[in-house]
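Each chain, letter by letter, is given below.
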Amino acid sequence: MKLLITGGAGFIGSHVVRLFVTKYPEYQIYNLDALTYAGNLANLTDIENAPNYTFVKGDITDAKFLEDMFAEMGFDGVIHLAAESHVDRSITDPMSFVMTNVVGTVNLLNAAKNSWKGNFEGKRFYHVSTDEVYGSLHNPEDFFTEETPYDPQSPYSASKAASDHFVRAYGNTYKLPVVLTNCSNNYGPNHFPEKLIPLMIHNIRNNKPLPVYGKGENVRDWLFVVDHARAIDTVFHKGTLGETYNIGGFNEWKNIDLVNLLCQIMDRKLGREEGTSAKLITYVTDRAGHDLRYAIDAHKIMNELGWQPSLQFEEGLEKTVDWFLANQEWLDNVTSGAYQSYYQGMYANR
Ligand SMILES: NC(=O)c1ccc[n+]([C@@H]2O[C@H](COP(=O)([O-])OP(=O)(O)OC[C@H]3O[C@@H](n4cnc5c(N)ncnc54)[C@H](O)[C@@H]3O)[C@@H](O)[C@H]2O)c1
């Protein structure tokens, strides 16, 4: 199996690469990543010298590069995670989301289609997507199922919805062997500190204000990143082609409750008096078009494929805080931007 994983230097991608490289020594794993601000090879130092692992620096918006690479390598499978992933950035710069998430995904579909030439035996194209494509829930009893109509509300979720539609369209039109998953919010080690949980950990540690959008009433469904990687492994190997699976941990938290819980954990770990960190909470103007609630119904993947999350949220959050406190250098390098200059020039574009 020659397996291409895109976006493997990012948050979730690095956990997927690690899992596949260590669990399947018989596979050749190629990690294709453009190393944007979100890509960080320090996420993968523990496996970078594994004999079945190769890093390739490259951009999925470059169709010719992808065509050449597929023709040269002859991949059997693709797990596609490369994306622009931050909603706030999509509000200020939607076009880069169109380019990477939509155009990049179609480039990758074309490269796979042209390389496989209708011979799909043993081939698989897996697209990793988000629950944000379903829009926002307003009734507390509702959950997103695989049948929930798409209703994306942000430029990020619109770009992911478009890419999902293209993946399904290639499955339908060209019979490309596709499978998709839509997952809830992830958290865990190597999370880029522009996202809620690592940002709060970083700011609490440095006694900086903790910016909470609006009144902190928005609800998100959280999943430990390693459990997402395990789900991707399950769907890649056992999922039915043409199907979509929702992934989530039935674990909803209001942003403000989550931030308060983090403050309590951090007070305890840093030996601060209880209530110290919560004083840093600062309410800021709400994000434009902020979706109120996301909640995933993950029964299909649990019942049909036997996947289950391995960690309860409180346990996962403790592990995450411990990781960030033990890896302050990683966090400092990312927040200062030092990680980017370190890798600059080390990998030439193919
Ligand atoms: N983070 C979440 O909570 C979450 C939840 C569900 C689904 N997802 C999806 O999972 C995937 C990974 O998310 P993440 O949080 O790890 O993102 P991330 O931003 O941490 O990582 C994205 C990676 O893609 C790379 N990349 C960006 N543009 C590229 C391009 N043009 N060519 C090649 N590589 C490029 C970046 O360098 C980075 O390494 C995305 O598709 C995202 O939509 C994320």
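To be clear, the structure that these remarks concern was listed above.
Okay, so let's go over this structure.

Each value, and the rule that gives it
Residues numbered from 1 in each chain as written. Predicted model: local features only at pLDDT ≥ 70, side-chain atom pairs only at ≥ 80, totals over all residues. Heavy atoms only, no water. Buried < 20%, exposed > 50% of the residue type's maximum accessible area, 1.4 Å probe, protein only. Helix = DSSP H or I, 4+ residues; strand = E, 2+ residues; numbered from the N terminus. Arc of directions from axis to C-beta. Contact = heavy atoms within 4.5 Å. Polar contact = N/O pair within 3.5 Å; in protein donor to acceptor, adjacent residues only side chain to side chain. Patch = residues over 30% accessible without salt bridge, like charges linked within 9 Å, V, L, I, M, F, W, Y side chains within 5 Å. Areas by Shrake-Rupley, 256 points an atom, 1.4 Å probe, with all protein chains shown as cover. Salt bridge = Lys/Arg side-chain N within 4 Å of Asp/Glu carboxyl O. Pairing = 2+ DSSP bridges. Axes fitted to C-alpha atoms, helices over the stretch in contact; angles between N-to-C directions. Parallel < 35°, antiparallel > 145°, perpendicular 65-115°, else oblique. Left-handed = near helix turned anticlockwise from the far one by under 90°. Nonpolar A, V, L, I, M, F, W, Y, C, P; charged D, E, K, R; others polar.

Considering helix 2 (residues 63-73)
Okay, step 1: Taken as a whole, helix 2 has its buried residues at F65, L66, M69, F70 and M73. Here the buried residues of helix 2 occupy an arc of 125° about the axis, which is enough to place them on one side. Opposite the buried face of helix 2, by more than 90 degrees, sit the exposed residues K64, A71 and E72.
Okay, step 2: On its buried face, helix 2 sits against strand 1 (2-6), strand 2 (28-33), strand 3 (53-57), strand 4 (77-80) and helix 4 (94-116).
Okay, step 3: Two to three positions downstream of the cap, the backbone nitrogen of K64 sits 3.4 Å from a side-chain oxygen, assigning the N-cap of helix 2 to D62.
Okay, step 4: Following helix 2 by one or two positions, G74 has its phi on the positive side, about 60°.

Describing a nonpolar patch on the surface
Okay, step 1: Judged by side-chain polarity, M95, V98 and M99 come together as a nonpolar surface patch covering roughly 260 Å² of accessible area.
Okay, step 2: Along the polypeptide, V98 turns up in helix 4.

Structural notes on the pairing of strand 8 (residues 210-213)
Okay, step 1: The two faces of strand 8 differ: L210 and V212 on one face are buried, but P211 and Y213 on the other face are not.
Okay, step 2: Of the pairings in the sheet, the one linking strand 8 to strand 12 (residues 281-284) comprises 4 bridges and is parallel in character. Along strand 12, the bridge assignment pairs P211 with T282.

As for the packing of helix 6 (residues 196-205) against helix 10 (residues 313-326)
Okay, step 1: Look at helix 6 against helix 10: their axes get within 11 Å of each other, and the N-to-C directions meet at 55°. Classified by the angle between their axes, helix 6 and helix 10 sit oblique to one another. Here the hand of the crossing between helix 6 and helix 10 comes out right-handed. Facing I197, P198, I201 and R205 of helix 6, the residues of helix 10 in contact are L317, T320, V321, F324 and L325.
Okay, step 2: Within the contact of helix 6 with helix 10, the residues separate by chemical class into 7 nonpolar, 1 polar and 1 charged.

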